[in-house]
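Topology and contacts: notes
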Amino acid sequence: MDIRFLGGVDAIGRSALLVNGSLLLDYGLEGGTPVRTPPDVDPDAVVVSHAHLDHVGAVPSLLKGGRRPPIHWTPPTRELADLLARDTLKLQAGRYDRPFTRAEVGALGEASETHGYGEPFTAAGHEVTLFDAGHIPGSAHVLVDDGETRLLYTGDFHVADQRLLTGSTARPEADVVVCESTYADVTRGDRRETERRFARELRETVHRGGTVVVPAFAIGRTQEAMLVCAAHDIDCYVDGMGVAVAKRLRRTPGFLRDFEAFRSAMGNARFVTGGGARRNGSRGRTP
Ligand SMILES: [Zn+2]
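The structure displayed is predicted, hence computed values, not measured ones.

A tally of helices and strands in the chain yields 9 helices and 13 strands. Seen through its C-alpha atoms, the chain measures out along the principal axes to roughly 60 × 45 × 35 Å. For the chain, the residues scored as buried account for 46% of the 287 residues in total. Contacts spanning at least 24 positions in sequence make up 60% of the contacts within the chain whose residues lie at least 6 apart. For the chain, the accessible surface area stands at approximately 14,500 Å², while carbon and sulfur atoms represent 47% of it. Each charge class in the chain was averaged separately, 35 positive and 38 negative side chains, and the resulting centres sit 11 Å apart.

See below:
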């Protein structure tokens, strides 16, 4: 098996791994102005581990010039990749060096092939299976078998349970493991205790007439914060791309740990839709 790293490795962003010259695993984007993509490549098929910009951000550019390599991913990854691509277009509007065009984003649907966890499929002549990585909704470990060697590309993964997702437990056998290690040297405290402290501080601040602003990543973290607020009976306003992400996640209920809890967290949260609502939210008034 021939494995080539086209990005990632010693830097965060632009993750891309080419297997046997034909199967591409992830094709990420590095933020900034201008954004940076991995080197140009024309694979026979693509598998995407999860919908974070540094793993999926440059995927639409693989469809340029009428190219249509099949893109394999889970249903939530497909939903969120579409959202990220549209957001990237918006942020890069008017720039001549945009990483991809509106037409290429529009073609994602044509190239897309979705798969559930544990359901093997063929991609560029390889047998591929996705396993739940517990990182964000739809995130996957990717197991690739070329008939001689089994490669496990972990992608980003999380082993502890969150309210939104169950931690990853899949440990498929492999000959080679390419493992995400960005936070490998960080020891985290007990999650339940951290959550209790967080909720207590929110409540105390609000009780004193204050407002708490929680900066959170749009994918995963914002919805986890919504679930924490609902579980502790705390009112919350949700702004930014986290709103669109939450709405998309309603379409793929089977990929969340507890869809009913997620639904009631959606009911508990107030979505900020405009400047007036944003001002009211920051003052703790109902929009
Ligand atoms: Zn990630």
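Don't stop here, the text continues.
Coordination angles at a metal have ideal targets, namely 109.5 degrees for four tetrahedral donors and 90 or 180 degrees for six octahedral donors. Within the protein, the atoms that donate to the zinc ion are His50 (NE2), His52 (ND1), His135 (NE2) and Asp156 (OD), at distances of 2.2 Å. Around the zinc ion, the 4 donor atoms are arranged such that angles at the metal cover 90 to 160 degrees; this shape is classified as irregular. Here the donor residues for the zinc ion map to a single chain with the spacing H-x1-H-x82-H-x20-D. Taken together, the residues span a long stretch of sequence, with His135 in the loop between strand 8 (126-132) and strand 9 (140-145) and Asp156 in the loop between strand 10 (150-153) and strand 11 (176-178) at a distance of 21 residues.

Helix packing geometry: the angle between the two helix axes and the distance between the axes. Where helix 6 (residues 221-231) meets helix 8 (residues 259-268), the closest approach of the two axes is 9 Å, and the angle between their N-to-C directions is 85 degrees. Of the possible angle classes, the one that applies to helix 6 and helix 8 is roughly perpendicular. Residue-level contacts link Gln223, Met226, Leu227, Cys229 and Ala230 of helix 6 to Ala261, Phe262, Ala265, Met266 and Asn268 of helix 8. Its residues placed into classes, the contact of helix 6 with helix 8 shows 8 nonpolar, 2 polar and no charged.

If you trace the 6 strands from one edge of the open sheet to the other, you get 1-2-3-4-5-6, paired in mixed fashion. Among the strands making up the open sheet, the edge pair consists of strand 1 (3-7) and strand 6 (112-114). Mean inter-strand twist for the sheet, computed between neighbouring axes without regard to direction, equals 25 degrees. Pairing geometry for strand 3 (residues 23-27) and strand 4 (residues 45-47), over 3 bridges, is parallel. Each bridged residue has a counterpart across the sheet, and for Leu24 the counterpart in strand 4 is Val46.

Next up on the list: the domain arrangement of the chain. Split by domain assignment, the chain resolves into domain 1 (3-178) and domain 2 (191-282). Placing a centre on the C-alpha atoms of domain 1 and another on those of domain 2 gives a separation of 27 Å. The interface is formed by 22 residues belonging to domain 1 together with 21 residues belonging to domain 2. There are 5 salt bridges connecting domain 1 and domain 2. Note that Asp161 is salt-bridged to Arg257, the shortest N-O span being 3.8 Å. On the surface where domain 1 and domain 2 come into contact, there are 8 residue pairs in polar contact (both at pLDDT 80 or more). The class makeup of the residues in the side of domain 1 that touches domain 2 is 11 nonpolar, 6 polar and 5 charged.

Counted by the stated rule, this structure contains 2 aromatic pairs. Considering the side-chain rings of Tyr117 and Phe255, the 5.4 Å spacing of their centres and the 65 degrees angle between planes classify their relative orientation as edge-to-face. Of the two residues, Tyr117 is situated in the loop between strand 6 and strand 7 (121-123) and Phe255 in the loop between helix 7 (241-249) and helix 8; the sequence distance between them amounts to 138 residues. Overall, Phe255 belongs to the buried group, its relative accessible area being 18%. Cation over ring: Lys247 sits above Phe271, and NZ or CZ is 5.5 Å from the ring centre.

This paragraph deals with the pattern of salt bridges. If you walk through the whole model with that rule in mind, you get 18 salt bridges. Among the salt bridges present, the one from Arg248 reaches Asp82, with a minimum N-O distance of 3.2 Å. In this pair, Arg248 sits in helix 7 while Asp82 sits in helix 2 (residues 75-91), placing the two residues 166 residues apart along the sequence. The exposure class of Arg248 is buried, given its relative accessible area of 14%. The exposure class assigned to Asp82 is buried, which follows from its relative accessible area of 8%. Glu224 serves as the salt-bridge partner of Arg191, at 2.7 Å between the closest nitrogen and oxygen. Note that Arg191 is positioned in helix 5 (residues 191-207) and Glu224 in helix 6, a separation of 33 residues in sequence. Relative accessible area serves as the criterion here: at 34%, Arg191 is assigned to the partly exposed category. It is possible to trace a salt-bridge network through shared partners that takes in Glu79, Asp82, Arg86, Arg248 and Arg251.

What counts and how
- Residues numbered from 1 in each chain as written.
- Predicted model: local features only at pLDDT ≥ 70, side-chain atom pairs only at ≥ 80, totals over all residues.
- Heavy atoms only, no water.
- Helix = DSSP H or I, 4+ residues; strand = E, 2+ residues; numbered from the N terminus.
- Buried < 20%, exposed > 50% of the residue type's maximum accessible area, 1.4 Å probe, protein only.
- Contact = heavy atoms within 4.5 Å.
- Areas by Shrake-Rupley, 256 points an atom, 1.4 Å probe, with all protein chains shown as cover.
- Lys, Arg positive; Asp, Glu negative; His and termini not counted.
- Charge placed at Lys NZ, Arg CZ, Asp CG, Glu CD.
- Donors = N, O, S within 2.8 Å, 3.2 Å for Na, K, Ca; no water.
- Tetrahedral: all angles 85-135°; square planar, octahedral: opposite > 155°, others 65-115°.
- Axes fitted to C-alpha atoms, helices over the stretch in contact; angles between N-to-C directions.
- Parallel < 35°, antiparallel > 145°, perpendicular 65-115°, else oblique.
- Nonpolar A, V, L, I, M, F, W, Y, C, P; charged D, E, K, R; others polar.
- Pairing = 2+ DSSP bridges.
- Domains from an automatic or database assignment.
- Salt bridge = Lys/Arg side-chain N within 4 Å of Asp/Glu carboxyl O.
- Polar contact = N/O pair within 3.5 Å; in protein donor to acceptor, adjacent residues only side chain to side chain.
- Phe/Tyr/Trp six-rings, centres within 6.5 Å; stacked < 30°, edge-to-face > 60°.
- Lys NZ or Arg CZ within 6 Å of the ring centre and 35° of its normal.

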